[in-house]
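Spelled out, the chains give:
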Amino acid sequence: MLTTYGPSIVLGLTHSAAKTGALIGGEGAFALVIPLISGGLSDRLKGASRFGKRMPFVLVGGPLAGGGLALLPFAPDYQLAGIFILAFFVGYYLYYPPYRAIYADLLPKRLLARAQSSQAVMRGAGLGIALIAGGTLLSAWKPLPFILGAAVLGVTTLPLRPIHRLTRTLPPTPHEEPASGNPVAELLLHNRSLQIFAAANAIWEYSFAGLKTFIVLYVVKGLGHSYSLASAVIAIVAVAYVIGAPIASRLAEHYGIVRVMEVAAAIYGALLTGSVLSTTITPMLVVLPLGAMAGSILMTLPQALAFTLAPDTNQGAAAGLVDFSRAIGVVLGPVLVGAAVSATSSSLSATHGYAAMWPMIGVPMLVSLALLHLLRDRVDPVPQHSAPA
């Protein structure tokens, strides 16, 4: 809701694509440090305490994210919108790394790819419902999709209660003892494989953030179509995303996580880059399902790869590293794509500059192939085979 329909709210306050991208992406910069704290610190808390080691961050981050989301459409000016977006990002990065670390707390590594694909299916379903309904809700009343999004965030946190009770029964592990230094920073500074992973993940998230921020504006402002058609385009992406996620896990179990990600990144990057040639909606509708499928496969597997690379005592830190590198991409994607749109509004006049989005997000995706190749050479995941859960 925030990164896709938030720009429509911000654009009404500033009338500049560059400033819109800067606000959506730039305010995330203030949250860059949050995953470094929440992921690593959640490894150190005592799991047997009243709230466990992951839930305190969820209980603080949820209201911050929900409050920022609900208040954004009521912002009277650009500056106050920035404060609400900042609250959202701080809350999001407090909440999400500890939440995702619960997967590694409860599951063996051989099931991580499958577990992340299950999460991706549900995330894709939620993304699709939100984005498809968002256009209609936005047309009915601008604050409505943001208020409902905040309400859904609160309601869907409740199912974590039984999971929280289960994690409290786990035996203590050495990483629950106090330790010096920042575990996320230590992984980033001293683990070469995770350094390469963090760089690649920042690129993937940069491309995804740039796409999410400007895809609706590309259809509506660039091609001159309605929000309803934009919602239909997103529906295609959402369906392909849900289909691609379980395929990703099965392919990863048979061929290895890195190998599958290499193929997906190559297809996704090529299709994104080539879309700059299109000035109508028809070609995009033709290539969109394949591109969305490849993107789904690629974006399903990074967390499982990070958990696989990280030491067993640093799974929360690994989740924090994923979101730290993700935050870099979230910051840069809207800012750089927004600047490119503004800079090419004359040279790409058929789409008012919005076609610049495609090479801006597609070329870096192709560049990430070199990092994946280095990671495969270092880690060389052995093809795995399905094992009974």
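On a predicted model such as this, the values are computed, not experimentally measured, just so you know.

Another aspect to go through is the overall build of the protein chain. A tally of regular secondary structure across the protein chain gives 16 helices and zero strands. Counting over 389 residues, the protein chain shows a buried share of 55%. For the protein chain, the exposed area adds up to about 15,600 Å²; of that, 71% sits on carbon and sulfur atoms.

With 109 residues, the main nonpolar core has Phe197, Trp204, Tyr218, Met284, Leu298, Met357 and Trp358 as its most contacted residues. Counting residues per element, this core draws most heavily on helix H10 (residues 192-222), which supplies 17 residues. In contact with methionine 357, other than residues within four places in its own chain, are Gly210, Leu211, Phe214, Ile215, Tyr218 and Val337.

Quick look at helix H13 (residues 281-300) now. Taking 1.5 Å per residue as the helical rise, H13 with its 20 residues ought to reach 28 Å, and the 27 Å between its terminal C-alpha atoms agrees with that figure. At leucine 288, H13 shows its largest kink, close to 45°, and the proline proline 289 lies no more than four residues downstream. Of all the positions in H13, only Ile281, Met284, Leu288, Gly291, Ala292, Ala294, Gly295, Ser296, Ile297, Leu298, Met299 and Thr300 are classed as buried.

Moving on, we come to the confidence of the model for the protein chain. Mean pLDDT for the protein chain: 82, with 90% of residues reaching 70 or above. The element-level mean pLDDT for the protein chain is lowest in helix H9 (residues 183-190), coming to 74, with helix H12 (residues 257-274) highest at 94. Scored below 50 in pLDDT, residues 174-180 makes 14 contacts in the model with residues more than four places away or belonging to other chains. Across residues 383-389, where pLDDT falls below 50, the model places 21 contacts with residues more than four positions away in sequence or in other chains.

Right, let's talk about the packing of helix H3 (residues 33-44) against helix H15 (residues 315-343) for a bit. Where H3 contacts H15, the axes come no closer than 7 Å and their chain directions differ by 170°. Here H3 is positioned roughly antiparallel relative to H15, judged by the angle of their axes. Across the interface between the two elements, Pro35, Leu36, Gly39, Gly40, Ser42 and Asp43 from H3 touch Gln315, Gly316, Ala317, Gly320, Asp323 and Phe324 from H15. Class assignment of the residues belonging to the contact of H3 with H15 gives a composition of four nonpolar, six polar and two charged.

Moving on, we get to unusual backbone geometry. Phi at histidine 352 is positive, roughly 55°, even though this residue is not glycine. Looking at histidine 352, the relative accessible area reads 48%, which means it is partly exposed.

Moving on to the pattern of salt bridges. Tallied over the full model, the rule gives five salt bridges. Note that arginine 114 is salt-bridged to glutamate 253, the shortest N-O span being 3.0 Å. Here arginine 114, found in helix H6 (residues 112-140), pairs with glutamate 253, found in helix H11 (residues 227-255); they are 139 residues apart in sequence, far enough to count as distant. For arginine 114, a relative accessible area of 18% puts it in the buried group. Here glutamate 253 falls in the buried class, since its relative accessible area comes to 2%. Note that glutamate 262 is salt-bridged to arginine 376, the shortest N-O span being 2.8 Å. Taken together, the residues span a long stretch of sequence, with glutamate 262 in helix H12 and arginine 376 in helix H16 (residues 357-379) at a distance of 114 residues.

A separate point is the packing of aromatic side chains. Within a pair of aromatic rings, the relevant descriptors are the distance that separates the centres and the angle that separates the planes. The final tally for this structure, using the stated rule, is twelve aromatic pairs. Put simply, the rings of Phe88, Phe89, Tyr92, Tyr93, Tyr95, Tyr96, Tyr99 and Tyr103 pair up and form one aromatic cluster.

Moving on to the side chain of serine 249. With respect to the helices, strands and loops of the structure, serine 249 is situated in helix H11. Within polar-contact distance, the side chain of serine 249 engages the backbone oxygen of proline 246 at 2.8 Å. When sequence neighbours within four positions are dropped, the list of residues in contact with serine 249 reads Ala113, Arg114 and Ser117.

Reading guide: rules and limits
- Residues numbered from 1 in each chain as written.
- Predicted model: local features only at pLDDT ≥ 70, side-chain atom pairs only at ≥ 80, totals over all residues.
- Heavy atoms only, no water.
- Helix = DSSP H or I, 4+ residues; strand = E, 2+ residues; numbered from the N terminus.
- Buried < 20%, exposed > 50% of the residue type's maximum accessible area, 1.4 Å probe, protein only.
- Areas by Shrake-Rupley, 256 points an atom, 1.4 Å probe, with all protein chains shown as cover.
- Core = buried A, V, L, I, M, F, W, Y, C linked by side-chain atoms within 4.5 Å.
- Contact = heavy atoms within 4.5 Å.
- Expected span 1.5 Å × (residues − 1).
- Bend = angle between axes of the 7 residues up to and from the residue.
- pLDDT = per-residue confidence, 0-100.
- Axes fitted to C-alpha atoms, helices over the stretch in contact; angles between N-to-C directions.
- Parallel < 35°, antiparallel > 145°, perpendicular 65-115°, else oblique.
- Nonpolar A, V, L, I, M, F, W, Y, C, P; charged D, E, K, R; others polar.
- Salt bridge = Lys/Arg side-chain N within 4 Å of Asp/Glu carboxyl O.
- Phe/Tyr/Trp six-rings, centres within 6.5 Å; stacked < 30°, edge-to-face > 60°.
- Polar contact = N/O pair within 3.5 Å; in protein donor to acceptor, adjacent residues only side chain to side chain.

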